[in-house]
Amino acid sequence: MWAAQEQIDFFEYVLFRTFGRTLSVLEVRLLSGGDINTAARVATSEGTFFIKWSAADNDGMFEAEARGLDLLRQTGALPVPEVMGYGQRQEQVYLVLEYIESGALRSGYWENLGRSLAMLHTHTQTQFGLHFDNYIGSLPQQNTPTDDGITFFIEHRLKPQAGLAFYRGFLSENLYRKFQKLYDRLPDLLPNERPALLHGDLWSGNVMVNNQGEAALVDPAVYFGFREAELAFTSLFGGFDERFYTAYNEVFPLEEDFQERIPIYNLYPLLVHVNLFGTGYVSGVERVLKRFS
């Protein structure tokens, strides 16, 4: 990390480029920024901001995140941080966001989150995908507009990640071939619903409690896809409170036997974790393929 003055110079440059005027930096508190980014809470003479930055070889990642946040924010369904700006300084790319002050869960938190996510999922369009590609973690995410949801799930979610995992030696040839058998079965296993606007990376680590006691979403990987895939994602890594799922279903009921389909949808985030973190997640992939392929 830089020396103290270099750090201040960086933030003052970023803030000047973002707002077009000089903001005095009063305090910097480094935060966890994930596996590839560094982040900080930066208090200034005109408010407090969340700034994260990364090496410039991740060019395009913050622009995609900013566009995704704006898309979610426009729906009004859930609080998301306002995008102030993004850009590049020398070898660093950066993103400046509204700083969300943390708070304590208020009564009805899980019910409100469930209902709000259901309202987000009512936003639709004619095709699956999105008009721009983005990232999930540090991995590129293809959002090529596609008429059919199952085709989209196969061609732009499972195939790219399974292919990458096989190329890197994380998946055996036998396991890789089982994916083809699964692809052939998916039209009979998944309901082909209308596209729904998804956060795209919805697990507990990407949901904050703001100072109003409400859920605020961060770090999206947005696209229009199967809403069941989003609900399935929330069940990974501990899952959400049962009150969340009950409230969601009251607003936008899921089709019967959704619980049986959860492992299929979660092949995508599992493969992402294989490609990001290695073979420790392969056994989860193997269990799903054994059951459905």
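Thresholds applied
- Residues numbered from 1 in each chain as written.
- Predicted model: local features only at pLDDT ≥ 70, side-chain atom pairs only at ≥ 80, totals over all residues.
- Heavy atoms only, no water.
- Helix = DSSP H or I, 4+ residues; strand = E, 2+ residues; numbered from the N terminus.
- Rg over C-alpha atoms; globule rule 2.2 N^0.38 Å.
- Buried < 20%, exposed > 50% of the residue type's maximum accessible area, 1.4 Å probe, protein only.
- Contact = heavy atoms within 4.5 Å.
- Areas by Shrake-Rupley, 256 points an atom, 1.4 Å probe, with all protein chains shown as cover.
- Core = buried A, V, L, I, M, F, W, Y, C linked by side-chain atoms within 4.5 Å.
- Pairing = 2+ DSSP bridges.
- Axes fitted to C-alpha atoms, helices over the stretch in contact; angles between N-to-C directions.
- Parallel < 35°, antiparallel > 145°, perpendicular 65-115°, else oblique.
- Left-handed = near helix turned anticlockwise from the far one by under 90°.
- Nonpolar A, V, L, I, M, F, W, Y, C, P; charged D, E, K, R; others polar.

Participant: Would you mind going over the overall build of the protein chain with me for this structure?
Facilitator: Along the backbone of the protein chain there are ten helices and eleven strands. Scaling as 2.2 N^0.38, a compact globule of 293 residues should have a C-alpha radius of gyration of about 19 Å, and the protein chain matches this with 20 Å. Overall, the C-alpha framework of the protein chain stretches about 60 × 45 × 35 Å when taken along its three principal axes. Out of the 293 residues belonging to the protein chain, those deemed buried represent 51%. Once local pairs closer than 6 in sequence are excluded, the contacts in the protein chain between residues at least 24 apart make up 65%. Carbon and sulfur atoms make up 46% of the accessible area of the protein chain, which amounts to about 13,700 Å² in all.

Participant: For this particular structure, what's the right way to read the nonpolar core?
Facilitator: Soluble globular proteins tend to bury their nonpolar side chains together. Membership of the largest hydrophobic core comes to 81 residues, with the highest contact counts inside it found for Leu113, Leu158, Phe179 and Leu186. No other element matches the seven residues that helix 4 (residues 149-167) contributes to this core. Counting residues in each nonpolar core, the second largest holds 13 residues, with Leu15, Ala40, Phe49 and Ile51 among its members.

Participant: Please clarify how unusual backbone geometry should be interpreted in this entry.
Facilitator: Both trends apply: most residues other than glycine have a negative phi, and most peptide bonds are in trans. Although it is not a glycine, Phe237 adopts a positive phi angle of roughly 55°. Mapped onto the secondary structure, Phe237 falls in the loop between helix 6 (227-234) and helix 7 (242-251).

Participant: Would you take a moment to explain helix 8 (residues 258-265) for this structure?
Facilitator: Along an α-helix, residues three or four apart share an orientation, since each turn contains 3.6 residues. Buried residues dominate helix 8, accounting for six of its eight residues. If you check which residues of helix 8 are buried, you get Phe258, Arg261, Ile262, Pro263, Ile264 and Tyr265. If you follow the buried residues of helix 8, they end up packed against helix 4, helix 5 (173-189), helix 6, helix 9 (267-277) and helix 10 (282-292).

Participant: How should the pairing of strand 5 (residues 92-98) be read in this particular structure?
Facilitator: On a regular strand, one side chain projects to one face of the sheet and the next to the other, so that they alternate. In terms of residue burial, strand 5 counts as a mostly covered element, since five of its seven residues are buried. Across seven bridges, strand 3 (residues 47-55) lies against strand 5 in antiparallel orientation. If you follow Lys52 over to strand 5, its bridge partner there is Leu95. Sheet topology note: the strand 4 (residues 83-89)/strand 5 ladder contains six bridges and is antiparallel. Across the sheet, residue Arg89 finds its bridge partner in strand 5, namely Gln92. Where strand 4 folds back on strand 5, the antiparallel hairpin that results is connected by two residues, among which Gln90 adopts a positive phi of roughly 55°.

Participant: How do you make sense of helix 9 when you look at a structure like this?
Facilitator: Within helix 9, nine of the eleven residues are buried, leaving the element largely enclosed by the surrounding structure. Those residues of helix 9 that sit buried are Leu267, Tyr268, Pro269, Leu270, Leu271, Val272, His273, Val274 and Asn275. Looking at the residues trailing helix 9, positive phi occurs at Gly278, about 105°.

Participant: How should I be thinking about the packing of helix 6 against helix 7 in this particular structure?
Facilitator: In a pair of packed helices, the angle between the axes and the distance between the axes together describe the arrangement. One can describe the packing of helix 6 onto helix 7 by two numbers: an axis separation of 11 Å at closest approach and a directional angle of 165°. The angle between the axes of helix 6 and helix 7 places the two elements in the roughly antiparallel class. Helix-helix and strand crossings are classified by hand; for helix 6 and helix 7 the assignment is left-handed. On the side of helix 6, the interface is formed by Arg227, Leu231 and Thr234, while helix 7 contributes Phe244, Tyr245 and Tyr248. When the residues that make up the contact of helix 6 with helix 7 are grouped by side-chain class, the tally is four nonpolar, one polar and one charged.

Participant: What am I meant to see in the sheet that holds strand 4 here?
Facilitator: The strands that make up a sheet are held in pairs by hydrogen bonds between backbone atoms, and each pair lies either parallel or antiparallel. With antiparallel pairing, the five strands of this open sheet are ordered in space as 1-2-3-5-4. Edge positions in the open sheet fall to strand 1 (25-31) and strand 4, since each of these has one partner strand only. Direction aside, neighbouring strands of the sheet carry axes that sit 20° apart on average. In the packing of helix 1 (residues 4-19) onto the sheet, contacts are made with strand 1, strand 2 (38-44), strand 3, strand 4 and strand 5, and the angle to strand 1 comes to roughly 105°. The strands that helix 2 (residues 61-75) touches are strand 3, strand 4 and strand 5; relative to strand 5, the one it contacts most, it runs at about 20°.

Participant: In this structure, what is going on with the pairing of strand 3? I would like to understand it.
Facilitator: Taken together, the seven bridges between strand 2 and strand 3 define a ladder with antiparallel strand orientation. Bridge pairing in strand 3 links Ala39 to Lys52.

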